[in-house]
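For reference, the chains in residue letters:
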Amino acid sequence: MSVTGPAGFRAAGVAAGIKAAGARDLALVVNDGPQQSAAGVFTTNKVKAAPVLWSQQVLQEHKLRAIVLNSGCANACTGPEGFQDTHATAEKVADVLGVGAIEVAVCSTGLIGERLPMDALLPGVDSAAGALDAGEQSGLDAATAVLTTDSKAKQAHRAHGNGWSVGGFAKGAGMLAPNMATMLSVITTDVVISGADLDAALRSATGVTFDRLDVDGGTSTNDTVLVMASGASGVEASSEEFTELLTGVCQDLVRQLQDDAEGATKTIDITVRGAVSEADAVAIGRIVAEDNLVKTAMFGSDPNWGRIAMALGRAQAEIDVDEVEIATNGVTLYADGATARDRSEADLSGRQIEIVIDLHLGEHAATILSTDLSHDYVEENSAYSS
C-alpha cells in the first residue's frame, strides 16, 4: 500500500493520452480531511519547471486538498505559456473537486522543453476524478502513472502501533542527484499534525534520505516531494515519532529508486566516516558517487581504489591523505598513504557494493547511495528524446 494506506485519501491513475504509447500518464491524489496540512521540498536547480514554481507558491500556506501529476512531459523551459498550462491544470482539478486552485499542487515529469498537450490533459483530469478510490489498486495506479524510464512502481507504507500510518510513492531512474527532493514523490499520513510541524519533519527526513541519493549527478528541473496530512486517525504523535516513521518511508522509497536506476547493474553505498563535519562527509561521498571513473570501475567489478582516492581528493573537505582508509566490500585496500591489501582480495562480482572511506579526523559520518555507469545507461540516455 502507498498513498491510500493512511485514512482520508483517495487516488487514481489513468491514461490521458499524454504518452503516445497509451500508458497511464495522469495521477490524482486527494485529501478528504478533516485536515489538509501539507508541506513540500523542491529542486534547488535554478532552472525550475512551471509546476515547481506553481507548487512552491501554493505550499506557502501549508495546505493542500489535491495533487495532480503527469508523466510524458516535464513542462520545463516552456516560458509564460507553460506556467499558464500549469495554472489551467490546477484550475481544472479545483473545478472538478469543488475546491480552490490554491489548494492544488501540480507535478510534471518527462522531456524538458515541450508544452503539455492540454487537449489530452484536461479531459484526463475528469477521468482521474471519476476513478478516485481509497483502495490499494488506486494507489498503485497513481504510482504507475508517474513513471517515465522507471521499470516499476515504487511504493512504501508503514503503520504506527498507535493507529496512524505514513504511505507514499516515488518515481525516478535518471537525472537523479536530488538537492532537497527527488524527481517526484507524494507522501500521505493520517496523523494529526500542523503544516509547520509537517514541513520541519519533511525537511529532516529528506535531508538524510532523498538528498543522499546520487545516481548521475543530475539535479532535475522538476524535483518535488510533497506530503499531505488528513488527520483522519484523530491521533497526535510526537515530532520525534512522526519524523522517524516518515524517514523510514522515505528511506524505503530511496532504496527502490537506487535499485531501479537507469542501466544499473550495481548498487553502491558510499559511507564516509571520521569526518570533521557531516557536511564534509556528504561532500566526499557525493563526489565519489558522481565520478565516472569510479562508476565505470564498479560496472566492471574492478576494485580500483586509486580512482576512489583520486575522487575524494577533489572534494572541498578536510582530508589528511596519510590518515585515509579505503575499503571495498569489507576489504581495506588503502591505508597510511599506501596500498594495504592486494585489490584482488575484494570481491565486487555481486550486485551490491559497499565503499567505506574512513578519514580518521572526527566523529561525523554520512552515506551516499549510488549506482554504476553501464552501457545500458549510455544507450538509454543517448536516445531519450527520440
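Residues numbered from 1 in each chain as written. Predicted model: local features only at pLDDT ≥ 70, side-chain atom pairs only at ≥ 80, totals over all residues. Heavy atoms only, no water.

Naming follows an unreviewed UniProt entry, where the protein appears as Arginine biosynthesis bifunctional protein ArgJ of Saccharopolyspora dendranthemae. UniProt lists a comment for the protein under the heading Subunit (unreviewed entry), and it reads "Heterotetramer of two alpha and two beta chains." According to its UniProt record, the protein has this under Function (unreviewed entry): "Catalyzes two activities which are involved in the cyclic version of arginine biosynthesis: the synthesis of N-acetylglutamate from glutamate and acetyl-CoA as the acetyl donor, and of ornithine by transacetylation between N(2)-acetylornithine and glutamate." (UniProt positions renumbered as here; feature names shortened; annotations may be inferred.)

A. Representation of the environment of valine 191. Locating valine 191 in the fold gives a position in the loop between β8 (184-189) and α5 (195-207). Separated by 137 residues in sequence, valine 191 and tryptophan 54 have C-alpha atoms that sit 26 Å apart. Discounting chain neighbours no more than four positions away, the residues touching valine 191 are Gln35, Trp164, Ala229, Gly231, Ser233, Val235, Glu236, Ala237 and Phe242. (Helix = DSSP H or I, 4+ residues; strand = E, 2+ residues; numbered from the N terminus. Contact = heavy atoms within 4.5 Å.)

B. Just the pairing of strand β12 (residues 331-335), in detail. When you tally the buried positions in β12, you get four out of five residues, the bulk of the element. Alignment of strand β11 (residues 325-328) against β12, held across three bridges, turns out to be antiparallel. Within the sheet, the bridge partner assigned to alanine 327 lies in β12 and is threonine 332. The loop that links β11 with its antiparallel partner β12 comprises two residues; one of these, asparagine 329, has a positive phi angle of about 45°. (Buried < 20%, exposed > 50% of the residue type's maximum accessible area, 1.4 Å probe, protein only. Pairing = 2+ DSSP bridges.)

C. Looking closely at helix α3 (residues 118-130). Between the first and last C-alpha of α3 there are 18 Å, a value that for 13 residues agrees with the 18 Å anticipated at 1.5 Å per step. Those residues of α3 not exposed but buried are Met118, Ala120, Leu121, Gly124, Val125, Ala128 and Ala129. (Expected span 1.5 Å × (residues − 1).)

D. Region of interest: the pairing of β8. With six of its six residues buried, β8 lies for the most part within the structure. Here β8 shows no split at all, with Leu184, Val186 and Thr188 on one side and Ser185, Ile187 and Thr189 on the other all buried. Two elements, strand β7 (residues 165-171) and β8, share six bridges in a ladder whose sense is antiparallel. Bridging from a neighbouring strand, alanine 170 pairs with serine 185 of β8. Looking at chain direction, β8 and strand β9 (residues 224-229) are connected through six bridges and run parallel. In the sheet register, isoleucine 187 faces β9, and the bridge partner there is valine 227. One crossover worth recording links β8 to the parallel β9 by way of α5, and it is right-handed. (Right-handed = clockwise from strand over helix to strand, strands pointing away.)

E. Spatial organisation of the pattern of salt bridges. Applying the stated criterion to the full structure yields 18 salt bridges. In this structure, aspartate 150 engages lysine 171 in a salt bridge whose closest nitrogen and oxygen atoms are separated by 4.0 Å. Taken together, the residues span a long stretch of sequence, with aspartate 150 in the loop between α4 (136-145) and β6 (154-159) and lysine 171 in strand β7 at a distance of 21 residues. Between arginine 341 and glutamate 345 there is a salt bridge; the shortest N-O distance is 2.7 Å. Here glutamate 345 falls in the partly exposed class, since its relative accessible area comes to 40%. Here the salt bridges share partners, and the residues they tie into one network are Asp150, Lys154, Lys171 and Asp260. (Salt bridge = Lys/Arg side-chain N within 4 Å of Asp/Glu carboxyl O.)

F. Layout of the domain arrangement of the protein. Splitting the protein by domain gives domain 1 (9-260) and domain 2 (267-381). The gap between the C-alpha centroids of domain 1 and domain 2 is 32 Å. Of the roughly 1400 Å² buried at the junction of domain 1 and domain 2 (both faces included), carbon and sulfur atoms supply 39%. Taken as a group, Arg212, Asp214 and Gln258 account for 50% of the area that domain 1 buries against domain 2, more than any other trio of residues on that side. The tally of links between domain 1 and domain 2 comes to five salt bridges. One salt bridge in this structure joins arginine 255 and aspartate 269, with 2.8 Å as the shortest N-O distance. Between domain 1 and domain 2 we count 13 residue pairs in polar contact (both at pLDDT 80 or more) in total. Across the side of domain 1 that touches domain 2, the residue classes tally to five nonpolar, five polar and six charged. (Domains from an automatic or database assignment. Buried area = accessible area lost by both parts, 1.4 Å probe. Polar contact = N/O pair within 3.5 Å; in protein donor to acceptor, adjacent residues only side chain to side chain. Nonpolar A, V, L, I, M, F, W, Y, C, P; charged D, E, K, R; others polar.)

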